[in-house]
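Structure assessment
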Amino acid sequence: MATKSLKAQQNELATSNKQLEILNGGLFANGELPYFKDKIAEIGHFPLRPTRLEILQINVGYMCNQVCAHCHVDAGPDRKEIMTKETMMQCLEVIKNTKAHTLDLTGGAPEMNPNFRWFVEEASKAGIKDFIVRSNLTIIRANKKYYDLPGFFKKHNVHVISSMPHYTKGKTDKQRGDGVFDKSIKALQELNAVGYGMPNSNLKLDLVYNPSGAYLPGDQGAMERDFKKRLKEDFNIQFHNLFAITNLPIARFLDYLIASENYEDYMYALVEAYNSSAVANVMCTNTISVSWDGWLYDCDFNQMLDLKVASKVKHIKDYNEDVLTDRNIIISQHCYGCTAGAGSSCQGSVA
Amino acid sequence: MANSYYDPADLRKFGKITEWSEELGEKFFDYYGKVFEEGALTAREKSLIALAVAHVIKCPYCIDSYTKDGLQRGITKEEMMEAVHAGAAIESGATLVHGVQMMNKYNKLSM
Ligand code: SF4
Ligand code: SF4
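We now turn to the structure provided with this report. (Residues numbered from 1 in each chain as written. Chains lettered and ligands numbered in written order. Predicted model: local features only at pLDDT ≥ 70, side-chain atom pairs only at ≥ 80, totals over all residues. Heavy atoms only, no water.)

Notes on the overall build of chain A
Condition: Under the scheme used here, helices are H or I runs from DSSP no shorter than 4 residues and strands are E runs no shorter than 2 residues, and both carry numbers assigned from the N terminus. In this scheme, a residue with accessible area under 20% of its type's maximum is buried, one over 50% is exposed, and one in between is partly exposed, where area comes from a 1.4 Å probe on protein chains only. By definition in these notes, contact holds between two residues if any of their heavy atoms fall within 4.5 Å. Note that accessible areas follow from Shrake-Rupley with a 1.4 Å probe, and for residues the cover is restricted to the protein chains shown. Here Asp and Glu are counted as negative and Lys and Arg as positive; His is not counted, and neither are the chain ends. The location of each charge is read from NZ of Lys, CZ of Arg, CG of Asp or CD of Glu.
Broken down by element type, chain A carries 14 helices and 8 strands. With respect to the principal axes defined by its C-alpha atoms, chain A has extents near 55 × 45 × 40 Å. Relative to its 351 residues, chain A shows a buried fraction of 59%. Partitioning the intrachain contacts of chain A with sequence separation of at least 6 by distance along the chain shows that 74% fall at a separation of at least 24. Element-wise, carbon and sulfur atoms account for 49% of the exposed surface of chain A, whose accessible area totals about 14,200 Å². When the 39 positive and 40 negative side-chain charges of chain A are each reduced to one mean point, those points stand 6 Å apart.

Next up, the structure:
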């Protein structure tokens, strides 16, 4: 497994232009597969428009303790893009006034931002209904200074969403790196110990599953049943929901698809699995994504492709919800990842 | 024309068989879809059966399909290999049980 980000390797796929060129070219340019735009136009959804802002997703930095092979953020220990306290203060202003009911902190490993705890403390005062932190689990065991995170999350009533590629060690370590499975299991047990994920507990613990390879996730309900059974039987671990998420063909996952000669088959599979009823609920219709440096995007994926919102308001310092809601969402062929099968968003199936 | 009998890209075109016989094609795909739905057996169990049969009938398209289907369902490689052995055992058992016929014939013809 690579230990450096594409950016640190100076891989050309680290640039968004190169990625977009691939997504717009090849199979789509030669007419073998339809452009996403034409596909959603068939059902009157082009241009794609937001409905109502419900989720404010803030990426507090691309630094991560892991370098997962499928990472769409191209995150890793070598990434230096970290949200400053100043930008966090601009975010807090927005959090206090937003109509969104969910605040979703992501990264990289958000916990690695030096001002993470301060930010969580301040943000939790704003009275947002659902306050999510996306934690990769291993960070909790990465260093002593993170050992108390379960208690910290509990204190601020944070909803923890964590990634878990599989309930067996082999598959997990292959996708995420050696030792990840054991550390994740330990972290989940610690979250359970303070009350996270227990039946009827208000401390929400959800897991995110995404395939470790060039295939789409299976049925979310069936996967959840398997995960619950095996994690309970083998490790006495409990959690609430499992979200099955499709890997989108960008950043490191795109690099993997091309290097393993799976790109064309994968794009075919995504287009074949296109489900028109998922279109109305794709994540960008109710989400705004904020980058570490305060720019605004339709979603975390567009953020990684550097496709800023098509609105007069492009930065958190000028934030205006009404103006932002009146925009067209920027799409490309990676969007097929959100409409495949039962659909896929940061919160799992949408259709 | 392709210059080999099996082309992986042909698998994507499977649905096209309906174009030359709409009624039968559609009936087949309806039936096929129904067979693999959750029933008395789970879809997961059926996927493993399909994988075993795919090996026994040695269909490269089915092997590709049901390996991928298994991955999608979170089926592990150990489970997949055991399914292949189950198929192989039945197949070799079917060969070997004919050994009894050979023995019968041998005994009948021998003094
Ligand atoms: S997928 Fe998550 S845990 Fe893995 S490198 Fe990316 S941000 Fe880090
Ligand atoms: S990739 Fe982003 S913009 Fe495209 S459909 Fe998904 S959420 Fe919307």
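The structure having been displayed, the exposition proceeds.
Some words on the site of ligand 1
All names here are of chain A. Convention followed: Note on terminology: near, applied to a residue and a molecule or strand, indicates that one of the residue's heavy atoms is within 4 Å of it. A pocket here means an open set of points on a 1 Å grid, computed over the protein atoms alone, that has protein on both sides within 12 Å along at least five of seven lines. A cavity is instead a set of points where a 1.4 Å probe fits but cannot get out; residues with an atom within 4 Å of a point line either one. By definition, a pocket or cavity contains a molecule when more than half of the molecule's atoms lie within 2 Å of the pocket's grid points. Ten residues, namely Ala, Val, Leu, Ile, Met, Phe, Trp, Tyr, Cys and Pro, are considered nonpolar, four, namely Asp, Glu, Lys and Arg, are considered charged, and the remaining ones, Gly among them, are considered polar.
The immediate surroundings of ligand 1 are formed by Cys64, Gln66, Cys68, His70, Cys71, Ala75, Gly108, Asn136, Arg176 and Arg252. Placement of ligand 1 is best described as lying within the largest cavity. For the shell around ligand 1, the residue count by class is 4 nonpolar, 4 polar and 2 charged.

Re the interface of chain A and chain B
Note the threshold: Once two parts are joined, some of their accessible surface, as seen by a 1.4 Å probe, is lost; buried area is that loss totalled over both. Salt bridge, as used here, is a side-chain nitrogen of Lys or Arg placed within 4 Å of a carboxyl oxygen of Asp or Glu. Any N or O atom pair separated by 3.5 Å or less is treated as a polar contact, with the protein-specific requirement of one donor-capable and one acceptor-capable atom, and with residues adjacent in sequence counted only for side-chain atom pairs.
Across the contact, 18 residues belong to chain A and 10 residues belong to chain B. At the boundary of chain A with chain B, total buried surface from both sides reaches about 1,100 Å², with 48% on carbon and sulfur atoms. Per-residue buried area on chain A facing chain B is highest for A:Lys171, A:Tyr215 and A:Tyr268; these three make up 33% of the total on that side. Our enumeration of links across chain A and chain B arrives at 2 salt bridges. Here A:Asp226 makes a salt bridge to B:Arg44, at a shortest N to O gap of 3.3 Å. Taken together, the connections running from chain A to chain B amount to 6 residue pairs in polar contact (both at pLDDT 80 or more). Here the side of chain A that touches chain B takes 5 residues from helix H12 (residues 263–272) of chain A, the largest share from any one element. For the side of chain A that touches chain B, the class distribution of residues is 9 nonpolar, 3 polar and 6 charged.

Points about the layout of surface pockets
Residues and elements named next belong to chain A. Inclusion rule: Grid points are joined across faces, edges and corners, and a volume is the space filled by probe spheres set on the points.
When its volume is computed, the second largest pocket comes out at roughly 350 Å³. For the lining of the second largest pocket, the secondary structure elements donating two or more residues are helix H1 (16–24) and helix H13 (300–304). When its residues are assigned to classes, the lining of the second largest pocket shows 10 nonpolar, 5 polar and 7 charged.

Notes on the pairing of strand S1 (residues 55–59) of chain A
All names here are of chain A. Filter applied, for reference: Viewed with both strands pointing away, a crossover whose connecting path from the first strand over the helix to the second turns clockwise is right-handed. One requirement defines pairing of two strands: DSSP has to find at least two bridges between them.
The element S1 is largely enclosed, with a buried count of 5 among its 5 residues. Each parallel crossover has a hand, and the one from S1 via helix H4 (residues 85–97) to strand S2 (residues 102–106) is right-handed. Across 4 bridges, S1 lies against strand S7 (residues 287–290) in parallel orientation. Across the sheet, the residue bridging to Ile55 is Thr287, located in S7.

Things to note about the site of ligand 2
All names here are of chain A. Neighbouring ligand 2 are Leu248, Met283, Cys284, Cys299, Phe301, Asn302, Ile329, Ile330, His334, Cys335 and Cys338. Structurally, ligand 2 is housed in the second largest cavity. For the shell around ligand 2, a count of residues per class yields 9 nonpolar, 2 polar and no charged.

Quick notes on the nonpolar core
Applicable threshold: Side-chain atoms within 4.5 Å link the members of a nonpolar core, which is a set of buried Ala, Val, Leu, Ile, Met, Phe, Trp, Tyr and Cys residues.
Counting residues in hydrophobic clusters, the biggest one holds 106 residues, and the most contacted among them are A:Ile58, A:Ile95 and A:Phe153. If you tally residues by element for this core, the top one is H12(A), at 7 residues. Non-local contacts of A:Ile58, meaning those with residues more than four positions away in its chain, are made with A:Met83, A:Cys91, A:Ile95, A:Leu103, A:Asp104, A:Leu105, A:Thr106, A:Phe119 and A:Val290. With 9 residues, the next largest nonpolar core counts B:Leu48, B:Ala50, B:Met80 and B:Val84 among its residues.

Notes on the packing of aromatic side chains
Keep this limit in mind: Between 30 and 60 degrees the pair is tilted, below 30 it is stacked and above 60 it is edge-to-face, where a pair is any two Phe, Tyr or Trp rings, Trp via its six-membered ring, whose centres lie within 6.5 Å. Note on criteria: charge over ring means Lys NZ or Arg CZ within 6 Å of the ring centre, with the direction from the centre no more than 35 degrees off the ring normal.
Applying the stated criterion across every chain yields a total of 19 aromatic pairs over all chains. Between A:Tyr167 and A:Phe227 the ring centres are 5.2 Å apart and the planes differ by 80°, which places this aromatic pair in the edge-to-face class. Separated by 60 residues along the polypeptide, A:Tyr167 in the loop between strand S4 (159–163) and helix H8 (169–176) and A:Phe227 in helix H10 (residues 220–235) bring together distant segments of the chain. These aromatic residues form a ring-pair network of at least three members: B:Phe14, B:Phe28, B:Phe29, B:Tyr32, B:Phe36 and B:Tyr66. Geometry around A:Phe46 places A:Lys37 over its ring, the cationic atom sitting 5.3 Å from the centre. Taking the ring centre of A:Trp118 as reference, the NZ or CZ of A:Lys85 above it sits at 4.4 Å.

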